[in-house]
Structure formats: structure tokens, C-alpha cells
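# Descriptive analysis of the structure
Listed here are the chains, written in short residue letters.
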Amino acid sequence: MAEQTHVLFVEDDDVIREATQLALERDGFAVTAMPDGLSGLEAFRANRPDIALLDVMVPGLDGVSLCRRIRDESTVPVIMLSARADSIDVVLGLEAGADDYVTKPFDGAVLVARIRAVLRRFGHAGGAAQPEESDAAVAGGMLTFGELEIDTEGMEVRRAGQPVALTPTEMRLLLEFSSAPGTVLSRDKLLERVWDYGWGGDTRVVDVHVQRLRTKIGQDRIETVRGFGYKLKA
């Protein structure tokens, strides 16, 4: 029997926590549910789950702070849950290192679909489509764009010879850009290819991740093409 995917779920509302835990367990997930951020952090360190679902507004240690603590220790995927779709909630969660977010109240089937989408891209981060040859210097699985080097086989990135730590989502985003340097990729296309959205999604997810990627590989390496999307400078 395949090993169950272990979900850490941090939610202070007893009804939502218990109902969601039951729904996830019915779908085959193993769930550790915690009512506050501090117990959630302890559970994360003790159990090392496959994915974390964190409500933004939990006591003790809020969801955004908990996400930052998790991201300091691990690249495990994180989905933020928020009762509001306010920009500040969304952006803060994503800037803290979350890979996606879901607005409450949510449909159980939608939540499961988003969890599975995140897990698919994390589980196959090393199996993403390999970049095609372009005007960039290519040697085996190595792509070079100025001082930026991308090892598409070893899934490693260096900038000016120094290693760059990327989350799996950031790595997949960079691979999409590097597969077509100089080509504008729309936010919708990036949502489909990187986030595996088969439906319309919030493009703020793309914008925040692009900004996070820029801080790591160079602010001028990814260019904004207003009204269209982004492109990697070759």
C-alpha cells in the first residue's frame, strides 16, 4: 500500500478544523490538526509533514509567522488559508514563503484539488520540462544567462558562482522562463504551467513569486512587460 501523504493543518476554529480533517482523511490523507501556531510549529518539527495548511489568523503564532519559521527550516509546500481575500493577507502569506492560498469558506473538493496540484509540482520538480536550446550558452544540462547558471539536471542554481536556494515552486518558475528566454510569458500561462491551475487563478500568486525570484537571481534578470507578463532576459 502506498504511503499516505501527511498534512499538517493549523486552524483555531474547532468546527472547521474537525470537518476539514475528516474530509481530508476521507480522501486518503493522514492529518495532524493543531489549534494554534505554536503547537503547529512543534508538530511540524516532530512529524515533518509533506504539506502544511496554515490559517492566517491563529493564536500564539499567526499563520504568516509560522510560515516564515517553516520556510527557514524546510522547502515543504505551504498553502495559506484566509477568511478574507484582502491583498494584504494574500501578499503577506506569499511573501512569507507560501506556495499558494485558498480563501475561506472553501469547498472541500477544491481544497483537495489545490493540495494535489501543489504536491504534483513538488513531487515532480526535478521532472519539469527541460529547457530547449536557445541563444543562451548550453553545456549538457547547464544554462547560462550572464552570471546566472542553471543546472537543469541537478536542479541547482548559481549566481556569480554562489549557490542560490530556491523553493521547488521558484525553481519551476525559473525553468519556465529559462526554457524560452526573451519570450513573454503571461501570468495565466505561468499559473497553468507552474501552479497546475486548470481554472482561472489569482495572478497575485505569480507576481509575488516573480518578485521573490528576482531578489535571488537579480532584479533586472526578469523583465516586466506591462499588460502582457514577464520574460527572462537572455
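Here we summarise the structure given alongside this text.

Basis of the calculations
Residues numbered from 1 in each chain as written. Predicted model: local features only at pLDDT ≥ 70, side-chain atom pairs only at ≥ 80, totals over all residues. Heavy atoms only, no water. Helix = DSSP H or I, 4+ residues; strand = E, 2+ residues; numbered from the N terminus. Buried < 20%, exposed > 50% of the residue type's maximum accessible area, 1.4 Å probe, protein only. Contact = heavy atoms within 4.5 Å. Salt bridge = Lys/Arg side-chain N within 4 Å of Asp/Glu carboxyl O. Axes fitted to C-alpha atoms, helices over the stretch in contact; angles between N-to-C directions. Parallel < 35°, antiparallel > 145°, perpendicular 65-115°, else oblique. Left-handed = near helix turned anticlockwise from the far one by under 90°. Nonpolar A, V, L, I, M, F, W, Y, C, P; charged D, E, K, R; others polar. Core = buried A, V, L, I, M, F, W, Y, C linked by side-chain atoms within 4.5 Å. Pairing = 2+ DSSP bridges.

### Re the environment of S82
Structurally, the position occupied by S82 is in strand β4 (residues 78–82). Given a relative accessible area of 5%, S82 falls into the buried group. Here the alpha-carbon distance between S82 and M57, two residues 25 residues apart in the chain, equals 7.5 Å. Apart from residues no more than four positions distant in its own chain, S82 is found in contact with D55, V56, D89, V102, T103 and K104.

### Description of the pattern of salt bridges
Oppositely charged side chains can form a pair if their charged atoms are brought close together. This structure, assessed with the given rule, holds twelve salt bridges. With a closest N to O distance of 2.7 Å, R17 and D14 form a salt bridge. Here R17 and its partner D14 are both found in helix α1 (residues 14–26), three residues apart, which amounts to about one turn of the helix. Of the residues examined, R17 reaches a relative accessible area of 12% and is grouped as buried. Taking the relative accessible area as the measure of exposure, D14 reaches 44% and is therefore partly exposed. Across the pair E170 and R212 runs a salt bridge whose closest N-O atoms are separated by 2.9 Å. Placement of E170 in helix α6 (residues 168–179) and of R212 in helix α8 (residues 204–217) is noted, with a sequence separation of 42 residues between them. Of the two residues examined, E170 and R212, each falls in the buried class. What you see here is one network of salt bridges that share partners, running through E11, D55 and K104.

### Observations concerning unusual backbone geometry
Apart from glycine, the bulk of residues carry a negative phi angle, and the bulk of peptide bonds sit in the trans form. Between K104 and the following residue, P105, the backbone shows a cis peptide bond with an omega angle of 0°. On the secondary structure map, P105 appears in the loop between β5 (100–103) and α5 (108–123). Unlike most non-glycine residues, M155 shows phi in positive territory, near 55°. As for its position among the elements, M155 is in the loop between β8 (148–151) and β9 (156–159).

### Details of the packing of α6 against helix α7 (residues 187–194)
Two elements in contact, α6 and α7, have axes separated by 10 Å at closest approach and are oriented at 125°. The angle between the axes of α6 and α7 places the two elements in the oblique class. Relative to α7, the crossing made by α6 is right-handed. In contact with T169, R172, L173, E176 and F177 of α6, α7 contributes L190, R193 and V194. Residues that form the contact of α6 with α7 fall into these classes: four nonpolar, one polar and three charged.

### Some thoughts on the nonpolar core
Among soluble globular proteins, nonpolar side chains are generally buried collectively. Residues L54, M80, I150 and F177 are the most contacted members of the largest nonpolar core, which totals 49 residues. The dominant element in this core, judged by the number of residues it contributes, is α8, at six residues. The next biggest cluster of nonpolar side chains, apart from the first, holds 16 residues, and it includes V7, F9, I79 and F122.

### Quick word on the sheet that holds strand β2 (residues 30–34)
The five strands are arranged β2-β1-β3-β4-β5 in an open sheet whose pairing can be described as parallel. The open sheet has two edge strands, β2 and β5, and neither has a second partner. The average undirected angle you get between the axes of adjacent strands in this sheet is 20°. Bridge count for strand β1 (residues 6–10) against β2 is five bridges, and the pairing is parallel. Paired with H6 across the two strands is A30, which belongs to β2. Where α1 meets the sheet, it contacts β1, β2 and β3 (51–55), and its direction lies at approximately 170° from that of β2. Docked against the sheet, α5 engages β3, β4 and β5, running at close to 180° with respect to β5.

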